[in-house]
Amino acid sequence: MNPKSSARLVLIAGLPASGKSTLARRLAPRIPAIRLDKDQWTTELGHDPWDDQFRVLIEGQLWTLTRELLAQGQSVILEWGHWARVERDEKRLGARALGVAVELRYLDAPLEVLIDRARRRNESGEWSASPMTRAHFEQWATIFQPPSDEELRLYDEPVPEVCRRG
Ligand SMILES: Nc1ncnc2c1ncn2[C@@H]1O[C@H](COP(=O)(O)OP(=O)(O)OP(=O)(O)O)[C@@H](O)[C@H]1O
Ligand SMILES: [Mg+2]
């Protein structure tokens with residue numbers, strides 16, 4: 001596409017502990033983009049990241065804020081996993097409707113790696129909510145919808161400074 005705006009939306013998809021926040025922190029100053037970290041907002045507002053009802057509300061609010069920022073020419077990174085194709089489609093089409101480029105970065109890693117990273121993160125205190133267990137990951141892996149090549153082709157190329165996907 002030939003975007004009307006210089007702003008861009010970066011969507012990061014991946015299971016927990018796949019490195020989404022790590023990547024978002026690296027990309028934010030390079031683009032430059034505002035990073036909307038849903039887990040941080042959730043805990044700062046006194047809620048539990050495991051609270052699904054609140055998760056839906058905060059994602060809706062952050063998406064509203066995202067569209068306002070994009071419409072003002074501000075690039076945004078959304079790093080909350082985007083497990084379902086339908087969620088990603090909504091963001092892609094919403095950004096395009098604003099004349100904004102949109103890239104999808106999918107972070108894939110073997111389940112054992114994710115489980116090990118989550119274990120370390122639990123132990124380090126970096127993750128303060130209830131621990132993520134092997135059983136969680138095994139269940140999540142059955143729900144997550146990895147983007148197909150056909151879906152990835154629907155997105156714009158990643159920003160030139162960081163031309164690798166993922
Ligand atoms: N490429 C990597 N190699 C090794 N460790 C990594 C890598 N990326 C992230 N980590 C580590 O794995 C843990 C999870 O990373 P991060 O918080 O970025 O994941 P996340 O996808 O944002 O997780 P969540 O979905 O729970 O927010 C952190 O402790 C981080 O330092
Ligand atoms: Mg994160």
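So, a few notes on the structure that sits alongside this text. Remember, it's a predicted structure, so these values are computed and weren't measured experimentally. (Residues numbered from 1 in each chain as written. Chains lettered and ligands numbered in written order. Predicted model: local features only at pLDDT ≥ 70, side-chain atom pairs only at ≥ 80, totals over all residues. Heavy atoms only, no water.)

Below, the discussion takes up unusual backbone geometry. Residues I31 and P32 are joined by a peptide bond in cis, for which omega reads -15 degrees. Residue position: P32 is located in the loop between α1 (20-30) and β2 (34-36). A positive phi is found at A17, a non-glycine position, where the angle reads about 70 degrees. Along the chain, the position of A17 falls in the loop between β1 (8-13) and α1. Judged by relative accessible area, A17 falls into the buried class, the value being 11%. The phi angle at H82 is positive, at roughly 40 degrees, despite the residue not being glycine. (Helix = DSSP H or I, 4+ residues; strand = E, 2+ residues; numbered from the N terminus. Buried < 20%, exposed > 50% of the residue type's maximum accessible area, 1.4 Å probe, protein only.)

Quick look at the packing of aromatic side chains now. Inspection of the entire model under this criterion finds five aromatic pairs. Look at W83 and W140: their rings are 6.0 Å apart centre to centre, the planes differ by 65 degrees, and that puts the pair in the edge-to-face class. Here W140 lies in helix α6 (residues 134-143) and W83 lies in the loop between β3 (76-81) and α4 (85-97), a separation of 57 residues in the sequence. Look at F137 and W140: their rings are 5.1 Å apart centre to centre, the planes differ by 70 degrees, and that puts the pair in the edge-to-face class. With F137 and W140 both in helix α6 and three residues apart, the pair spans about one turn of that helix. One aromatic cluster in this structure is built from W50, W83, Y106, F137, W140 and F144. It is K91 that lies over the ring of W63; its NZ or CZ is 5.3 Å from the centre. (Phe/Tyr/Trp six-rings, centres within 6.5 Å; stacked < 30°, edge-to-face > 60°. Lys NZ or Arg CZ within 6 Å of the ring centre and 35° of its normal.)

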